[in-house]
Amino acid sequence: MAYHQLNPYELRKRFDFRLLLFYLLAAVLITGLLLRMINLQWVQHEGLRLQAENNRINVVPVLPVRGEIVDRHGKKLAANAISYQLVMIPERVQDMEGTLRMLNANMPWSKRKFARIKRKIRHARKDRPLVLDERLQWHQVAWLVARLHHYAGLDVQAATHRVYPYGELMAHAIGYLAKVRKNDLAQGYLADEYVGRSGLEREFEARLHGTPGSQQEEVDAYGRRVAILHIIPPKTGETLRLSLDVDLQQAAATAMAGRTGSVVVMDVHSGAIRVLLSTPGYDTNAFIGGVSGKQWNSWLHDPQKPLLNRAIQATYPPGSTWKMVSAMAGMRVHAPLAHQRTVCHGMIQLHDRKLRCWKRTGHGPVDMHDALMHSCDVYFYELAEQTGMKALITEARRWGFGGRTHIRLSPEARGHLPDPDYHVYRGKKRRWFQGEIMITAIGQGLVTATPLQVARFAAALANGGQVLEPHVLAAAKPHVLRQVDIPAAQLARIRQAMFDVANTPGGTAYRYVHDAKYPIAGKTGTAQVVAMSQTQARYTDKGVKTQHRDHAWFMGYAPYDHPRIAFAILVEHGGHGSSGAAPVAAAIVNAMKL
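The structure reproduced in this document is the subject of the present report.

**As for the pairing of strand β15 (residues 353-356)**
Next up, step 1: Two elements, strand β14 (residues 347-350) and β15, share four bridges in a ladder whose sense is antiparallel. When the sheet's bridge partners are listed, glutamine 349 is paired in β15 with lysine 354.
Next up, step 2: Turn length for the β14-β15 hairpin, with the two strands adjacent in sequence and antiparallel, is two residues, and the turn residue histidine 351 shows positive phi of about 55°.

**With respect to a positive patch on the surface**
Next up, step 1: Taken together, the side chains of Arg112, Arg116, Lys118, Arg119, Arg122 and Lys126 define a basic patch exposed on the protein surface.
Next up, step 2: Positionally, lysine 118 belongs in helix α4 (residues 111-123).
Next up, step 3: Assessed through its relative accessible area of 32%, lysine 118 is described here as partly exposed.

**Describing the pattern of salt bridges**
Next up, step 1: Taken as a whole and assessed by the stated rule, the structure comprises 19 salt bridges.
Next up, step 2: Ionic pairing is found between arginine 430 and glutamate 436, a salt bridge with its closest N-O pair at 2.7 Å.
Next up, step 3: Residue class for glutamate 436 comes out buried when judged on its relative accessible area of 18%.
Next up, step 4: Salt bridges sharing common partners tie together Arg66, Arg162, Glu201 and Glu205.

**Things to note about the side chain of threonine 99**
Next up, step 1: Considering the arrangement of structural elements, one finds threonine 99 in helix α3 (residues 96-106).
Next up, step 2: For threonine 99, the contacting residues outside a window of four places in its chain are Met88, Val93 and Leu154.

**Digging into the pairing of strand β22 (residues 551-558)**
Next up, step 1: Counting buried positions along β22 yields eight of eight residues, so the element is predominantly enclosed.
Next up, step 2: A two-sided burial pattern is seen for β22, the buried positions comprising His551, Trp553, Met555 and Tyr557 on one face and Ala552, Phe554, Gly556 and Ala558 on the other.
Next up, step 3: Where strand β21 (residues 521-527) meets β22, seven bridges bridge the pair, whose relative direction is antiparallel. When the sheet's bridge partners are listed, glycine 522 is paired in β22 with glycine 556.
Next up, step 4: As judged from the seven bridges shared by β22 and strand β23 (residues 565-571), these two strands associate in the antiparallel manner. The partner of methionine 555 across the bridge, within β23, is alanine 568.
Next up, step 5: Between β22 and the antiparallel strand that follows it, β23, lie six residues.

What counts and what doesn't
- Residues numbered from 1 in each chain as written.
- Predicted model: local features only at pLDDT ≥ 70, side-chain atom pairs only at ≥ 80, totals over all residues.
- Heavy atoms only, no water.
- Pairing = 2+ DSSP bridges.
- Helix = DSSP H or I, 4+ residues; strand = E, 2+ residues; numbered from the N terminus.
- Patch = residues over 30% accessible without salt bridge, like charges linked within 9 Å, V, L, I, M, F, W, Y side chains within 5 Å.
- Areas by Shrake-Rupley, 256 points an atom, 1.4 Å probe, with all protein chains shown as cover.
- Salt bridge = Lys/Arg side-chain N within 4 Å of Asp/Glu carboxyl O.
- Lys, Arg positive; Asp, Glu negative; His and termini not counted.
- Charge placed at Lys NZ, Arg CZ, Asp CG, Glu CD.
- Buried < 20%, exposed > 50% of the residue type's maximum accessible area, 1.4 Å probe, protein only.
- Contact = heavy atoms within 4.5 Å.

This is the structure we're talking about:
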């Protein structure tokens, strides 16, 4: 039916229907708008307000200043130097290529460094500050500071960078920092932060790091900073005061004269470490700017292993410094020879082989005191026959050998003590042979120890048998791990012999330490590195390659009457303990200030 043929009633009905649809649609639209307005004004109000603020305000994290590390006298071992950083927020840079060309033309960047910076920008988050260059001096960035208003997204910030004033001297104790890695970011670190990777920088990272702050900046539509609205300052890390004495450490390093080895000095009553030296070291300052692959490989493949902390990570046969353990084991099990004399003829016959004393012509009649003072091997061979392996190993464990000292440095080696009952040979357990027990009694065979363990042993002898936990913090309280039960009279015998080693003519160290500033009680040790035939002299360095020469030990304490410090000196391939290591102890005692 054509539209003009509809009667007025039909037309009115159709018009009213359409008007109703219009009203319904209008009502729906108005209701939707009202609901949307309510949602925006009340439900999402806070979130949208913050979003609007973020369009105007940018929050930039502010890195904390790392705490410094000082020695017991306040001398800085890890310090902070003022410098400047060139920072970029990539999403705010309008012309990235042009900005980078401008920077490359004015900054002291090599082609390699510029390529690394561009690669760094590509992989970085666009909304976070990114450090393009650091450790800059003012004259390098002053030109840019005057033009920052032309370059959105760029900023120059005052900062600090780590400096190690003593570098190689304190390398193994203090450690170094390195840029954060992916796993560090997952733990809450910010990009371009530094984190402790070794030594005390690593062990006390939480105390040294500090707490980041933040800075609220008002920015314009182009992301350029207009004003700083609010600053939450970062919290500086804690200053760490150590028990180490850098002057004493320097005296030890000078006395070592570039030789490979380690020196440990500790307080005999508190366990505080005064010297923790491992030579050679490495320059920890090289890590701040990033160590080159060439430098790292040179350290890794250096036969002297400068990255190894010999004081706590390297283990050596203790040599004759172990003879005090053997002497106390003999007294504890009431071995007859512990209170008798024997005659040293320069060797002892054992079935089809000979075990020699270091002195070819022998020491003649010797008791325990003489054997310690002159370091007679034959006496301790015979004493070992009466004590047995179990007594030797049990006594060593009492004094802390074979286990970590628990110093707050890692990784720490345990040293090695063999099973007191059995020896595993070719996959099978067997009883110890007599010859193996004898060489164990003079600190050879399978026993090994770290210089720190030997120094702690010397401290325990000086303080009456207290095995202390070594520590490196000046404020740390003494912690006695174990009190060794040893009669005072027996300990006095050991101490007197150690005094005569250093102060009585004929003592193995007398020539080198008798005139020290304070009287020393000590024990020399010579640890054999390679096995030699019975016809080959081990007491001379002539014709022996350097890497095959014996290690030199000297351990002890000073002053003798009122002990304050204990020490252990190990010189790799240094030959005799008397000439190779004892002079280092004399230098330390002469530099000591009571």
